[in-house]
Structure formats: C-alpha cells, structure tokens
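# Observations on the three-dimensional arrangement
Each chain, written out:
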Amino acid sequence: MKSYAAYLLRRFGQFVLVMFIGMNVAFVVTHATPIDPVEQSIAAATSFGSTSPEAIAMMRESLRELYGLQGGIWEQYVGFWKRVVVLDFGPSLSAFPTPVSTLIWRALPWTVGLLLVSTAITWVLGNLLGGLAGYLHNNRTLNVTGLLVMGFHPIPYYIVALLLLIVFGYVWPVLPITGGAQMNMARGWNFDFVVSVVKHSVLPVLSLVMVGLGGWFMGMRSLVSNIVSEDYVVYAELGGVAKSRILRSYVMRNALVPQVTGLAMSLGGIFNGAIITEQVFGYPGIGALMIDAVHAGDYSLVLGLTSVSIVAVSAAVLLIDMLYPLLDPRVKLA
Amino acid sequence: MRSILKNALLAAAAALQMFGGAHSQELISNVPRKETLIIENPEGTIKNAGWFNIWAINAGGQSNGLHQLATDTFWYIDPNKGIDGVWDNSLASDKPIYNADFTEMTVKLRKGIFWSDGVEFTSADVLYTVETHMNTKGLRWSAPIQINVASITAPDPYTAVFKLKKPNSRFHALFTVRWNAMWMMPKHIFEKAGDPQKFAFNPPVSLGSYTLNSFDPNGKWFIWQKREDWKRTTLARFGEPGPKYVAYVDAGPPDKRVIAQMNHQLDIIHDTSPEGMFTMAKQAKFSHGWFNTFPYAHPDPTLAAVIFNNQNELLKNRDVRWALALLVDIKAVSMASYRGAASISAIGVPPTGSHPENYHIPMESWLKTFEIDTGKRKIKPYDPGVGKQIAEMLRPSLKDQIPSTPADIAKGFGMGWWKPDPVAAAELLERAGFKKVGAQWMTPDGKPFTIKITVEGEARPVMTRAGSMVAQQWRQFGIDAAITVAQGTLNDRRAAGDFDAIISWSVETWGGHPDLSFFLDSWHSQFVAAPGQPQPPRNWQRWSSPELDKVIEEIRTVGFDDPRGVELGREYVKLAVRDMPSIPLMAYNVFTVMDDTYWTGYPNAVTAPYTDPVPNWGNTKYMMVKLKPKQ
C-alpha cells in the first residue's frame, strides 16, 4: 500500500509537470504565431467598408486597449497563469466580450457526445472482431470482415466522409448532411430533439467508425495472435478448458491491457475535437471552434481550448496509470 | 454468418429509410419550406451566435441576415443597376446636402419608419448613434466618427445636421451601403443597456422588414421572419417582401453546398468553385448563376491583381513591373484560375457595374495608342481582342454556352489585355540593369532575380491557381519565381508588406456608381507606411505618386456626382497603367448559384440586374421584394 501511494504521488507529480510544460508550450506557440488578433479584427471590421487610414490607426489603438494586448509578453504570460489558476481564460478576442468558457461549454457537449459514442463503438467492435479474428484465424467470415475493415482503414478520412455524404445525402437521401439537429427545433430532453440529434450524428459517427475500426482491429488481432501461442494458453487448451473460457479469460483479458491504455488516450483526445469531421458534417463542436480561433489569432480561445485538451489528456494518462496496477498485476509499482 | 450479415444490412437499410424518411421536407421545424428562402451564410458558423450588437467590432455574425434584413441606414448604392436606379434614399428622404465647403452635411429623414417594437425612427436615433460613437472608443465606427464629426444636431425629428472637423466631400460614404455602412442604433434600447461594448442586443430590434425568429446557439443557422408591419419599413416602397421566412445557414464545404442545392435544401449558394458551378449548370436544370450561360459568375466590384510591393528595391522601378506584366498570358491565367470563366480587366478598375460604360469603353482608344518605351523601341502593348479570344477558345467545347455578340462577350469575359511580349520584357529588364546569365535573369547587383507570389492557398483556391500560373510564366522566362502560401496569415503579411507580390485586391469600387474614392482616397501617399510598419487599407502596393496625390486631392474637393470625378478617375487609370503598381487581372468572380424550385425573381445579368445576388451584401435586402413563390 505504501509503495502504491508513492507510485501515485510520483505519477501525480508527472501529471502536474506535463500540464505545466504543455500550457507553456501552448502559450509560446500561440504568441509566436504571425497572426495578430487586432489586425484580424480590423480586417473583418473594415472589409468591404469605406474606412480612412487615420480611422484605422485609431481603431488599432482602441482594440489593443480593449483586448488587453498593450502590455509586454511577460505581463501577458503572468496574466495567462493567473487566469489558468482560476480557470478563467477571459473574453474571446474574436467574439469579444463573450467569455472563452461560454464558447467552450457551448461546443463541448456536441464533440464529447459524438466522439464518446464513436470511440466506444469503434473500440468495442474493433477489439471484439480483432480478438475473434486472432483466435479463430481460419474463420472465413471473420477473414472477410477483416479485409473490409482493413480496406477502409488506409482511405483518407475526408474521402470516406464525402462518400457517405454522397451516398446517404444525395444518391439515397435518407440522412441529414449537416448540423447537429434539425433547424428551429426546440432544444431539450424531448423525444423529437433526441431523435433529431441521433439522426444527425449517424453519418459523422459512421465515418469515424469506418476509418477508426481498422486500428483497433489490427492491434487486437496481433495481440491475440501472440497470446494464443503463450504457454498458459497452450496448457489451458491441453487441459481441456472450454474454448470460450480461454478466449474470454485467458486471451482477451490479457490482450485488452494495452488496448485499455489506448482507449484512455483516445478518450482524453476527445477534448481535441474532431476537426475534419466537424468541418465536413458541419457539426457544432470544439474542433471547428479551434480552427476558427487559430485563423482569427484568438489567443484566449486557443489557450482555453488547448488547456482543456492538455488537462484531459494528462488526466486520462494519470487515471490509467492509477488503474494499471489493478488491471495487470505484473506492473511493478517500485 | 453470411445470412446474418445480409439480414443485418437489410435491417439497417430499413431503419435508415424509416429513420431518415423524406428528410428534405423536414429541413426546418415549424416553418413551411415553401415560405422559406434558404441562403448560405458565407461566414460559416457564428461562434458567438447570440450576439447581435453589430456596432461592436467583430463580435458576432453580420452576414447571417443581420445586416441584410434587420439594419438600415441613410443610403444604399447598388453594385449593379439597382432596383430603382443605382442610388437609393433609404432612411434618408433625399441625397446628402452639403454646404459649399463640405464642412456640414444635412440629412433629411423619411417619415413613418418604425422599429420592429413599434417605436418610430427619428433623428433622436441618429443623434444617439453618432454621439455614442463619439463618446465610446472601440466601436466599429468610433474612429471615423471621432475623426470627422465636430458635432451633430437635430433641429426637428426628421433632420440631422453634421458639423465636420474638416472638409469632406465623401463623408456620406460612412452612411452609404455598398456592402455595409454605419447602421442606426435604437436609442430606446441602447440607452438602457449600459456599456454598448458589452450589450448583446439579443433579440435585435429591427429597422428592416424582417425580425429574428430563432437562431442556433451553436451558430449554424438564423431564421428571420417578415414583420407584420413591413409597410412601416423603407423596403415597403418597392412592394411586399416575398419570403415569409429567410434562413441563413452554414452550408459547409463546396461539395456539400452543391449536394444541398441538388436536394433543394439551399436556395442560394453564396459561392462555389468553378467546377461546382459547371456541374450545377450541366446537371441541375433548376439552378443558374448571374449569367445564365458561361461564365455564370457575378463579377464583384473588386479587382483581383498581382500586387507588387512597391517598396521592394527590385520592384521600385516601373520598367521591372511592366516587364513582369508583359510576361503574363492572361488567357492562361483565366483558364488556370476560373477555367475561363473570368471577366478580365487591363486597367485598375473592375469590369463590372457601371465601370465598363465609364472607364473601359471610353478608355479603349487611349489604351490602343498607349506606348511603352523599352529603351530600344516603342511598343503598343494593348490587345483589344483578348476577351473575345478567350470566348473563342472556349467555344469548341462549350458551344452555345458561350455568348455570341461582342457586347455580351465583353460583359462576360471583359475586353482587352496586355499582349505577352517576352522580347520587350527582356529589353525593359536590361534597361533596369538586369542581365540574363544562361537561363537565369540576374539583378543589377548580380544575384538571381527571385520573386515570391504570396497566395492564400486552399482558403481562396481560384486566386491561388492564378498566382501559380503567373509564377510559372515568370519562371519560364528565367526568373526564379514561386508561390508562397499564407493561409490564415494573409491579412497580417499584406498589412506588414511582408511580400514581393501578392494575389489580392486593393481596388474596391461602388460598382454601380463611377466614383472611385471608395478605395482611391486611401492611396494618397500621406498614408503610405514605412517599410515594416502596418499599411492601412487599401494601398497594399504602397504606391506613392505625386501625380496621383494631385488627382486624389482634387477628387476630395468635388462633389460625389460631379462629372469631373469620372474625369479624375480616368486620370488615375492612366497613371496606374503607366506605372503598373499592380497588374490588374480580373474581377473577383463569385459563383453564386440560385435554385428556382421554390422561388423566382432572382437578379441576373441580362433581364434583372437589379442587385448583387451574392447574399452577404447588405444590398441583397432588395432581392426580398422581387422574390415570389414558385407556383
């Protein structure tokens, strides 16, 4: 127990260090970008409008003051950490004065919902099929399934998504091709809205599953292929243990350990958003928000989103490190 | 196993069919499709969707219907012919009235115009709008108001008088919509709202014929509804708006826009690729562009050009700039960029709106006689038949899609351009001290002549393709030319002068009105920034010319409608041809595609050029009264 506590303390220290480094990198990268949020705002405000050069100079000065960008980089750095500590990233610069947190919380449920469902389906299906294919390697149906799954894996995601759009949005138009729910529908936990959300998520989820399944399938099949030749599996077979029990308790359980790690990383990565998916399917998540923030040079929003992502991934890794010893007794705590 | 798989697939298909149903009828909840016009919002997703305070800089959406349907101001100038002429007195009942030295502007207001909450619009709103901008830093129009306005008074509820700090014959431009302008604020709402920078103005109180019905908190769509009292708005002079509802939606990437219109889920595509347009023209009989035939696109009153950084040591000499212009084959650029669907221009004015009548046609004879001295001989570089040549080049493959009359060809493809002349280009470069060593041109100080053309990449593929073609043509001549992609950073690089040449536009005009001050005033050398310092819009080429300064200074002293303004505009054109600070290429063509399934009466180039169909323009409010439901 004492060694487990020391192990946890060490892992927690690493968690804090990783977050500190990650946040600093995020700060440096966003401030090193050549995009100036003030110039972006001026360009947006004056595009197609008649504005004199003197007015532009005055506008530039006012915006710097309004956005709090007048101080030096050190002042901004200190301000950034003050905000991180209280989990307030201030107002978005490209949607001023709306707080960054409001924008993130508005988009986050959509991304989390979409990616949680698609990750869960992909993980369960990929591991199940991969495990079966690795153990029952002579089964023709599983081999065909494997070929199909592996066939989709290398196709660029955009192509698969576009294919789905054309097939189910145009040729056989049975599914909506854009947005998170039907336009003008009252939001809430009512049947119609939930059905609409599910309906709008079918194509994005399907595209993610089709492309993502191959990775889990391949990983699990390789792991199982190795495990089936391990001594303890061979002994179990020679000892007449039922095949289903060998598969469930001896093979799958051991093979799942690295897959669970991968799952934790994937779940942490949910907070990065699914940029291409959200762009292609017009899904209202944080991936699209991030792209927009980067293009607008919106430091505050980029830092807010990056921080959420860093915390989520680091926390996922910490969590799995904490659970590892419980899942796999071979893990040494010392 | 096979039968299980087969059954599963069949079940999935059945579920999809039941689940999806005829989803095209279910596009919008609680709003009849037949009464709704669905328009692409080119701003995409509005991340701050619940923000309708358009006076705060860059805080929310603008082209989401807000400035097309809900806001209003004194005057509108149409980029095309206009619904009742180019100029429209909107909230004003007459044109701006200036005193003799342009230090005072009086505005007479229209009576009987009401905000959507039933309060009458009066000069008190004008005063409030202007004074709020005078007293608040950082609002969208604070700076131009604070620079120009000394005071404002309202002698009666329908008159506003502006006293200006200095003479300004174009002050009214601030309140004149070309694409947008300074919109009027509702005094009775904002005076109770506190800090105008932090007030979301949700729901917005409207001066237009529509008011907000609903919007997506995630910014994907906005639905506007015709006001019951639409007769108490400025648009009512032209009749009742057709659509009861107007939805502005984020339609996604170009492929999805095409699919959505093929499914009749998107009545107006703001812009698609040339290829997308050609597909629609071929396959979707209900879809059409500004031109019913090739080149389909609406030529916006902006001029795409190869803009040189005139502060670059190598490009300061106009001989070098002219040499580079003479190496461009515009036919190849037109094919590479727009697949031939481009409206070319040899002069620094876009070939759209009233400009062909005021500039391109009258200047044709001058262009034909214009000469360049290469140092060895004089050449006449203008070829008046290039537009026609492009049309003829396309005719074998597109047949009757290509217009046949010279006037229609000129309208669609433009008139003349510069003849490629590598020999003259070489002579000009040699006169500027450049030398060709082997296959490579060297600068006067013996280094390889290197030039980078900055392009936006995927963000603006048509212009990127144009830049690639120009770079290729320069490279074939022996110049070390290449493109550099500045996706997302173009604004910053352009403002900082961080480029040799850039594909962009520095010329934007009113379109329907010949006055060029919209962009030209900011080209005065008094505003040219030092190298490395941010350049205010729009003289991105950082061109300084004492002769141009004189033209601009005289324009400032003549009235907006004074015919002398056009003469001075032509003087600018001559100077720009002689100096070639940027190589004019073509109008920025926008492939707006309109679907006739639910609505008819869209504007078009031939029979109804009453406004710009490109739906992010404030002027597109006029479209609403022309659109009628398809019977």
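The structure presented is a predicted model; accordingly, all values stated were derived computationally and were not measured.

## Quick notes on the overall build of chain A
Regarding its fold elements, chain A presents 13 helices and 0 strands. Counting from the amino terminus, chain A carries its helices and strands in the arrangement α-α-α-α-α-α-α-α-α-α-α-α-α. Overall, chain A is about 90 × 60 × 35 Å in size when its C-alpha atoms are taken along their principal axes. The proportion of buried residues among the 334 residues of chain A is 49%. Once local pairs closer than 6 in sequence are excluded, the contacts in chain A between residues at least 24 apart make up 75%.

## Some points on the sheet that holds strand β14 (residues 298-308) of chain B
Residue and element names in this part refer to chain B. If you trace the 5 strands from one edge of the open sheet to the other, you get β22-β21-β23-β14-β24, paired in mixed fashion. Each edge of the open sheet carries a strand with a single partner, namely β22 (480-485) and β24 (582-590). The sheet shows a mean angle of 40° between the axes of neighbouring strands, direction not considered. For β14 and β24, the ladder comprises 8 bridges, and the chain directions are antiparallel. Its bridge partner lying in β24, I307 is registered against S582.

## Side note on the UniProt feature "transmembrane region" (unreviewed entry) in chain A
All names here are of chain A. Here the UniProt-annotated "transmembrane region" (unreviewed entry) positions come out as residues 12-32, 107-135, 155-173, 193-217, 255-281 and 301-324. Taken end to end, residues 193-217 is 100% helix and 0% strand, and its first and last C-alpha atoms sit 34 Å apart. Helix and strand shares over residues 301-324 are 100% and 0% respectively, and the end C-alpha atoms of the span are 34 Å apart.

## Details of the interface of chain A and chain B
Across the boundary between the two partners, chain A contributes 73 residues, which contact 67 residues of chain B. For the pair chain A and chain B, the two sides together bury roughly 6,200 Å², of which 60% comes from carbon and sulfur. Our count for the contact surface shared by chain A and chain B stands at 4 salt bridges. A salt bridge links D216(B) to R187(A); the nearest nitrogen and oxygen atoms lie 2.6 Å apart. Counting across the chain A and chain B interface gives 24 residue pairs in polar contact (both at pLDDT 80 or more).

## Some words on the packing of aromatic side chains
Residue and element names in this part refer to chain B. Under the definition given, this model contains 50 aromatic pairs over all chains. On the numbers, 6.2 Å between centres and 70° between planes, the contact of W115 with F121 is edge-to-face. Summarising the aromatic geometry, the rings of F519 and Y572 are spaced 5.6 Å apart at their centres and angled 70° between planes, so their arrangement reads as edge-to-face. Within this pair, whereas F519 is found in helix α17 (residues 517-520), its partner Y572 is found in helix α19 (residues 563-579), the two being separated by 53 residues in sequence. Of the two residues, F519 and Y572, neither departs from the other in class, the shared state being buried. Three or more aromatic residues joined by ring pairs make a cluster, and in this case those are F74, W75, W87, F162, F171, F175, W510, F518 and F560. For the cation-ring pair, K436 lies above F477, with the distance from its terminal atom to the ring centre recorded as 5.6 Å. A cation over a ring is seen here: K626 above Y610, with NZ or CZ 5.6 Å from the ring centre.

## Section: the packing of helix α2 (residues 37-46) of chain A against helix α3 (residues 53-66) of chain A
Residue and element names in this part refer to chain A. Interaxial distance between α2 and α3 falls to 10 Å at its minimum, and their mutual angle equals 130°. It follows that α2 is oblique to α3 by the angle criterion. Between α2 and α3 lies a crossing of right-handed hand. Here α2 contributes V38, E39, S41, I42 and T46 to the contact with α3, which in turn contributes I56, M59, R60, L63 and R64. Here the residues of the contact of α2 with α3 sort into 5 nonpolar, 2 polar and 3 charged.

## Observations regarding the UniProt feature "domain: Solute-binding protein family" (unreviewed entry) in chain B
UniProt annotation of "domain: Solute-binding protein family" (unreviewed entry) refers to residues 91-523 of chain B when read in the numbering used here. The span residues 91-523 of chain B carries 30% helix and 21% strand; its end-to-end C-alpha distance comes to 31 Å.

## Examining the packing of helix α8 (residues 191-227) of chain A against helix α10 (residues 243-269) of chain A
Residue and element names in this part refer to chain A. Here α8 crosses α10 at 150°, and the two axes come no closer than 9 Å. By the angle between their axes, α8 is roughly antiparallel relative to α10. Seen along the crossing, α8 lies across α10 with a hand that is right-handed. For the pair α8 and α10, the contacting residues are W216, G219, M220, L223, V224 and I227 in the first and Y250, V251, M252, N254, A255, L256, P258, Q259, G262, L263 and S266 in the second. For the contact of α8 with α10, the residue count by class is 12 nonpolar, 5 polar and no charged.

## Brief notes about the pairing of strand β21 (residues 450-455) of chain B
Residues and elements named next belong to chain B. Pairing geometry for β21 and β22, over 6 bridges, is parallel. If you follow K452 over to β22, its bridge partner there is A482. Note: β21 against strand β23 (residues 501-508), 2 bridges, orientation parallel. In the strand pairing of β23, I453 is matched with A501.

## Some words on unusual backbone geometry
Residue and element names in this part refer to chain B. The amide bond that connects F294 to the next residue, P295, takes the cis arrangement and shows omega of 10°. Of note, the amide linkage connecting P537 to R538 takes the cis form, showing an omega dihedral of 10°. Position of R538 relative to the elements: it lies in the loop between α17 and α18 (546-557). Despite not being glycine, F201 shows a phi value in the positive range, around 55°.

## Some details on empty space enclosed by the protein
Residue and element names in this part refer to chain B. By the definition in use, this model includes 9 cavities of 30 Å³ or more. Roughly 90 Å³ of internal volume is contained in the second largest cavity. If you trace the second largest cavity, you find 14 residues lining it, with G348, Y572, A576, S582 and P584 closest to the centre. At the level of elements, β14, α19 and β24 are the ones that each hand at least two residues to the lining of the second largest cavity. Here the lining of the second largest cavity gets 3 residues from one element, more than from any other, and that element is α19.

## A short note on the pattern of salt bridges
Note that side chains of opposite charge can pair when their charged atoms are close. Residues and elements named next belong to chain B. Counting across every chain of the model gives 35 salt bridges over all chains. Residue E508 is joined to R178 by a salt bridge in which the shortest nitrogen-to-oxygen separation is 3.3 Å. Here the residue E508 occupies a position in strand β23, and R178 occupies one in the loop between β8 (176-177) and α5 (187-190), the gap between them amounting to 330 residues. Owing to a relative accessible area of 5%, E508 belongs among the buried residues under this scheme. Salt bridges sharing common partners tie together R318, E547, R578 and D579.

Here is what the cut-offs are and how they apply
Residues numbered from 1 in each chain as written. Chains lettered and ligands numbered in written order. Predicted model: local features only at pLDDT ≥ 70, side-chain atom pairs only at ≥ 80, totals over all residues. Heavy atoms only, no water. Helix = DSSP H or I, 4+ residues; strand = E, 2+ residues; numbered from the N terminus. Buried < 20%, exposed > 50% of the residue type's maximum accessible area, 1.4 Å probe, protein only. Contact = heavy atoms within 4.5 Å. Pairing = 2+ DSSP bridges. Axes fitted to C-alpha atoms, helices over the stretch in contact; angles between N-to-C directions. UniProt positions renumbered as here; feature names shortened; annotations may be inferred. Buried area = accessible area lost by both parts, 1.4 Å probe. Salt bridge = Lys/Arg side-chain N within 4 Å of Asp/Glu carboxyl O. Polar contact = N/O pair within 3.5 Å; in protein donor to acceptor, adjacent residues only side chain to side chain. Phe/Tyr/Trp six-rings, centres within 6.5 Å; stacked < 30°, edge-to-face > 60°. Lys NZ or Arg CZ within 6 Å of the ring centre and 35° of its normal. Parallel < 35°, antiparallel > 145°, perpendicular 65-115°, else oblique. Left-handed = near helix turned anticlockwise from the far one by under 90°. Nonpolar A, V, L, I, M, F, W, Y, C, P; charged D, E, K, R; others polar. 1 Å grid on protein atoms, 1.4 Å probe; cavity = no way out; pocket = protein on both sides within 12 Å on 5 of 7 lines; lining within 4 Å. Points joined across faces, edges and corners; volume = space filled by probe spheres on them.

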